[in-house]
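Here's the letter readout for the chains.
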Amino acid sequence: MEAVVPQEITSELTQILANLVLGDNKIRSNAEKVVNDRLAQTPDLYLLALAQFAIAADTEVMRSFSLVLLRRLLFRSPSQQHQKDPRMTLYDHLSTQALATLERLLLHSLSHEPSDSVRRKTVDTVCDLANNAMSRGRPWHALQAQAFSMTQVTETGFRECAFRVFSGSPNLVMDLQTEAVLSVFQKGLQDAHSVDVRLAALRASVSYLTASDIHQLSQSLSLLYPMLETLPSLPNLHLKTFLSSLTSLCSSRPQLFAPHLPALLSFLRALIMPSADPGPTPTVAKPFPTMSHSFSFPPAQTQEDEENSETAEDEEKEQVRRAALELMVSLSEARPSLVRGIEGWTPAIVRACLEGMAELPEDGLDIWLETDPCDDVIDESYPYVYDQALDRLASALGGKEILPPAFQYIPSMLANYDWRQRHAGLMAIAAIAEGTSKIMQIELGKVVDLVTPMFKDGHPRVRYAACQCLGQLCTDLEEIIQERHHQQLFAALIPTLEASEHRVHAHAAAALINFCEGVEHDTLVPYLDLIVERLLRMLNANSEQGKREKRYCQEQAITSLAMVADASETTFAKHYASIMPLLLNVLRNANSADHQKLRLKAMECAGLIAVAVGRDIFRPDSRTVIDALINIQNSPMESSDTMLATYLIATWAKICQALGPEFEPYLPVVMPALLNAASAKADVSIYDDDDGNCEREGWETISMDGQIVGIRTSTIDEKCQAFDTLVIYCSVLGGRFGPYLSQSLELTLPALQFYFHEGVREASCRLIPLLFSCGKHSGTLTPQMVQASLHQLIRSLRTETDPSFVASLYRSIIDSLVVVGIGALVPELGEGLIDATKAQLTTFADKRKIRNGRPASEIAEEREDLALLEEMEDFALEDMEKLLRLLDPQHPLLIAVASVRDLGLNQWETEDDDYER
């Protein structure tokens, strides 16, 4: 192909690319700078040179690298002179002629590249270019024609890439006749010569169906038959990938599978169950291995080779099993009503999950017992995929569908001679508890009768699972199980706090936390002495038998003591003298890196105990605790101690709650760090979709416009905690917080629109009226502060789309006006508030009208989600009404509020829910 850029540009680019792939950081950095400079000056020339190099380079490596680099550069923001519109990319600055040349070069690469791997890189670049071009109104008809042409060629690699193009850019075929598209896809799905072609055609079909509108879908139903027919003949090596490719369609278009569910169940049921041992005994597959030792050449396959081959085969089967299970669970989640009517569907998945959960390594108990849970490599072998699948299925289908098949097997599992079966039975109850809680509570006594005897099981891991199960039940059936069955549960749990195994008694202490979160004060008090006595024994470094307690057990004991103190409130006072000296000892002396977590837990516990016992009991030790905290705060911070600042903020807040107004002298100590945390900006990083370094601990990622946006969660979590603490200081100290009013308000008003963390916004809403009250009592509140705050609240209300936060904004405005008086709402602000309220009423009305116009089957399918959404809207309407009545008891908009409320679906409070959870 003739050159499209001058030779000197090609030569320079060749050298630049060679430098970019070198391992020398300095050379590579200089090459990157040169690339940026050239693209800033003549983007057309260098992008076309890259495309040309992707055709002409001698090696596959350099052709691939050119394509990857071209794909990244095309749609990144230009530098310096093109900063006027940050949404513009280098692609947007290319001339029409340059774009046409670029497309021609890439089509040449697609149709002539001899290497399959390089051609796939071409497909990725072509699809990115096509999708972005079409979104800008530039169709690529030549690519459409070439891709269809390539589906007919004899070389399988080119046929595969044609379907890869359709998969990556389905819009290429959306405007064509449906019959023609289906014919091409069906031919690819039935390709007799290549599994890769069939897979690419399957993915193209999935993309097409996902992107289709309702009319196109109704004409494309027949495509599912050849798509599903690709599965039965596949070996395990390929079957997993085919199943995974279909799973995304289960989530996006579940209704397409309706006619095929019985056949799918018949096929998938065999895949999701573990393979039976074909040997003549239940435990030995090959009881009579060959005893021949005669010489032969070439040498026969060794036993080690056979074992490796069997291991690889078993791994393939397991991957297929998990992929099949994921497909079934995803389909169940996407359209529960679809699968409920298929006999055997739910029992098959439930049984497969229970079987999988019991597949634990048989040995390794000694290692498990001696290992810190945070470092447990054996725990990594736990079959979480089956546990999570059962949890998801229960949440999707509810108790009436899940509990009968689950409890067909669970009782016998709990009675099984194999500890792994007993372990799985307990973990299964824990997994389904949340999704089936409304039905499970009807038979809760029977469930408790099954679980509590397992606390006396002979195997430590079963007793550990019993603790896990009980803790989960206490969370998922909070208050109900504590109220009805506290005697049975305490009778099982308290003795387990003295189990001989560290991991078991530590987990019993952890389960105690779940129990305390939902227990009434009077229910807990009779057991308080027994619990505290055992937790203190766990906390002490040396037990009565002279065995050193594990540090993670001490950390857990402190955490559990804190929760018990919180739940028992002032009744905990009699144990105060036994515990606070131990905590002070930890705060003073646990300074090494190994004791960081222990010190953090002691800080948390001291604060909670101080609040529980009250000011009078805590006062004698308050100065000692505060001095210890100040010493910790002022000491050099270890780089590994990432949670210290968070725990300090939380503990200072608890000390403030405990001391009340007496905490005022310590504000200068705590406020600088608190205001610094509250002022933190969101730490955001942008990655390309194919960047392998975007998964980092402490970061959450979301996909936006072909890029991965990473948000550092620790920073925004600490910011949220800082705002929650400001709420505490302001509410507890009142006017004494006055010196910090201005700084706090400056941080609070912008935080109303801190969209990275809902907790920050909610705390800001609560904080504004508290700051008004503080300023009013301290004489530090100015009219300008009031006007600016109300203006920001009304501005946020005008644009807010989350009904839950709309309610919070209305409550904040109401509470603020109660403090400063209605007169603070000057005419301009009053008009803005009414305009914002009218806009919200219109939005709610439009949304409810759209919902009312949806088919009844769709509404029934999303019943719980819609009920929750309308409940949040009703809360917002209720607070809106309160504000209007505050302004004028006969306000004309009150009629509009009632009218919008009446537009609700009003069918959620039905007792006969066939699929109650």
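Here the structure is a predicted model, which is why all the values come from computation and not from measurement.

(A) View of the overall build of the protein. Assigned secondary structure in the protein consists of 43 helices and three strands. A burial count over the protein gives 50% of its 917 residues as buried. Summarising the internal contacts of the protein: among those between residues at least 6 apart in sequence, 73% fall at separations of at least 24. A total of about 43,300 Å² of accessible surface is found on the protein, and carbon and sulfur atoms cover 51% of it.

(B) Geometry of the state of the cysteines. Applying the stated criterion to the full structure yields zero disulfides. Free of any disulfide, Cys-161 has its nearest cysteine sulfur in Cys-127, 9.6 Å distant.

(C) Up close: the packing of aromatic side chains. The final tally for this structure, using the stated rule, is 14 aromatic pairs. With a centroid separation of 5.2 Å and an interplanar angle of 85 degrees, the aromatic rings of Trp-368 and Tyr-464 are classed as edge-to-face. Here the residue Trp-368 occupies a position in helix H18 (residues 365–370), and Tyr-464 occupies one in helix H24 (residues 460–476), the gap between them amounting to 96 residues. With respect to class, Trp-368 is no different from Tyr-464; both count as buried. Ring geometry for Trp-652 and Phe-663: centres 6.3 Å apart, planes at 55 degrees, overall tilted.

(D) Fine view of the pattern of salt bridges. Summed over all chains, the structure comprises 41 salt bridges. Close ionic contact of Glu-103 with Arg-138 constitutes a salt bridge, the shortest N to O distance being 3.0 Å. With Glu-103 in helix H5 (residues 96–112) and Arg-138 in the loop between helix H6 (116–135) and helix H7 (141–150), this pair connects stretches of sequence that are 35 residues apart. Residue classification places Arg-138 among the partly exposed positions, given a relative accessible area of 22%. Salt-bridge contacts for Glu-443 lead to Lys-446; the nearest nitrogen and oxygen are separated by 3.3 Å. Given the relative accessible area of 56%, Lys-446 is considered exposed.

(E) Spatial organisation of the nonpolar core. Grouped together as the largest cluster of nonpolar side chains are 292 residues, with contacts concentrated most on Phe-257, Phe-663 and Phe-737. Per-element accounting of this core gives the leading share, 11 residues, to helix H31 (residues 596–613).

(F) The arrangement of unusual backbone geometry in detail. In this structure, Glu-479 is a non-glycine residue whose phi angle is positive, near 75 degrees. Residue position: Glu-479 is located in the loop between H24 and helix H25 (480–496). We classify Glu-479 as partly exposed; its relative accessible area is 47%. Although it is not a glycine, Glu-569 adopts a positive phi angle of roughly 55 degrees. The residue Glu-569 is located in the loop between helix H29 (551–568) and helix H30 (573–589) in this model.

(G) Broad picture of helix H14 (residues 261–272). If you check H14, its first and last C-alpha atoms are 15 Å apart, about what 12 residues at 1.5 Å a residue would give, namely 16 Å. Residues of H14 that are buried include every one of Leu-261, Leu-264, Leu-265, Leu-268, Leu-271 and Ile-272, and no others. One side of H14 carries all its buried residues, which in axial view fall inside an arc of 130 degrees. Exposed residues on H14 whose side chains face more than 90 degrees from its buried face are Ala-263, Ser-266 and Ala-270.

(H) A look at the packing of H24 against H25. One way to put it is that H24 packs onto H25 with a least axis distance of 12 Å and a crossing angle of 155 degrees. Judged by the angle between their axes, H24 and H25 are roughly antiparallel. The two elements H24 and H25 cross, and the hand of that crossing is left-handed. Of H25, the residues touching H24 (which contributes Cys-467, Leu-470, Leu-473 and Cys-474) are Ile-481, Gln-482, Leu-489, Leu-493 and Thr-496. The class makeup of the residues in the contact of H24 with H25 is seven nonpolar, two polar and no charged.

(I) Structural detail: helix H38 (residues 783–799). Helix length check: H38, at 17 residues, gives a terminal C-alpha distance of 25 Å against a target of 24 Å (1.5 Å per residue), a fit within 8%. Buried within H38 are the following residues: Met-785, Val-786, Ser-789, Leu-790, Gln-792, Leu-793, Ile-794, Ser-796 and Leu-797. Buried-residue contacts for H38 involve helix H36 (741–751), helix H37 (758–778), helix H39 (803–820) and helix H40 (827–852).

(J) How the structure looks around a negative patch on the surface. Residues Glu-478, Glu-479, Glu-483, Glu-517, Glu-520 and Asp-522 make up a contiguous surface patch of negative charge. Here Asp-522 is to be found in helix H27 (residues 521–524).

(K) Structural view of the confidence of the model for the protein. In the predicted model, the protein carries a mean pLDDT of 86, and the fraction of residues at 70 or more is 89%. Note that pLDDT drops below 50 for residues 277–297; the model gives that stretch nine contacts with residues more than four away or on any other chain. Across residues 907–915, where pLDDT falls below 50, the model places 13 contacts with residues more than four positions away in sequence or in other chains.

(L) Fine view of the packing of helix H28 (residues 528–539) against H29. Where H28 meets H29, the closest approach of the two axes is 8 Å, and the angle between their N-to-C directions is 155 degrees. On the basis of the axis angle, H28 is roughly antiparallel to H29. The chirality of how H28 crosses H29 is left-handed. Of the residues in H29, those in contact with Leu-528, Ile-531, Val-532, Leu-535, Leu-536, Met-538 and Leu-539 of H28 are Cys-553, Gln-554, Ala-557, Ile-558, Ser-560, Leu-561, Val-564 and Ser-568. Grouping the amino acids of the contact of H28 with H29 by side-chain chemistry returns 12 nonpolar, three polar and no charged.

Analysis parameters
- Residues numbered from 1 in each chain as written.
- Predicted model: local features only at pLDDT ≥ 70, side-chain atom pairs only at ≥ 80, totals over all residues.
- Heavy atoms only, no water.
- Helix = DSSP H or I, 4+ residues; strand = E, 2+ residues; numbered from the N terminus.
- Buried < 20%, exposed > 50% of the residue type's maximum accessible area, 1.4 Å probe, protein only.
- Contact = heavy atoms within 4.5 Å.
- Areas by Shrake-Rupley, 256 points an atom, 1.4 Å probe, with all protein chains shown as cover.
- Disulfide = S-S within 2.5 Å.
- Phe/Tyr/Trp six-rings, centres within 6.5 Å; stacked < 30°, edge-to-face > 60°.
- Salt bridge = Lys/Arg side-chain N within 4 Å of Asp/Glu carboxyl O.
- Core = buried A, V, L, I, M, F, W, Y, C linked by side-chain atoms within 4.5 Å.
- Expected span 1.5 Å × (residues − 1).
- Arc of directions from axis to C-beta.
- Axes fitted to C-alpha atoms, helices over the stretch in contact; angles between N-to-C directions.
- Parallel < 35°, antiparallel > 145°, perpendicular 65-115°, else oblique.
- Left-handed = near helix turned anticlockwise from the far one by under 90°.
- Nonpolar A, V, L, I, M, F, W, Y, C, P; charged D, E, K, R; others polar.
- Patch = residues over 30% accessible without salt bridge, like charges linked within 9 Å, V, L, I, M, F, W, Y side chains within 5 Å.
- Lys, Arg positive; Asp, Glu negative; His and termini not counted.
- Charge placed at Lys NZ, Arg CZ, Asp CG, Glu CD.
- pLDDT = per-residue confidence, 0-100.

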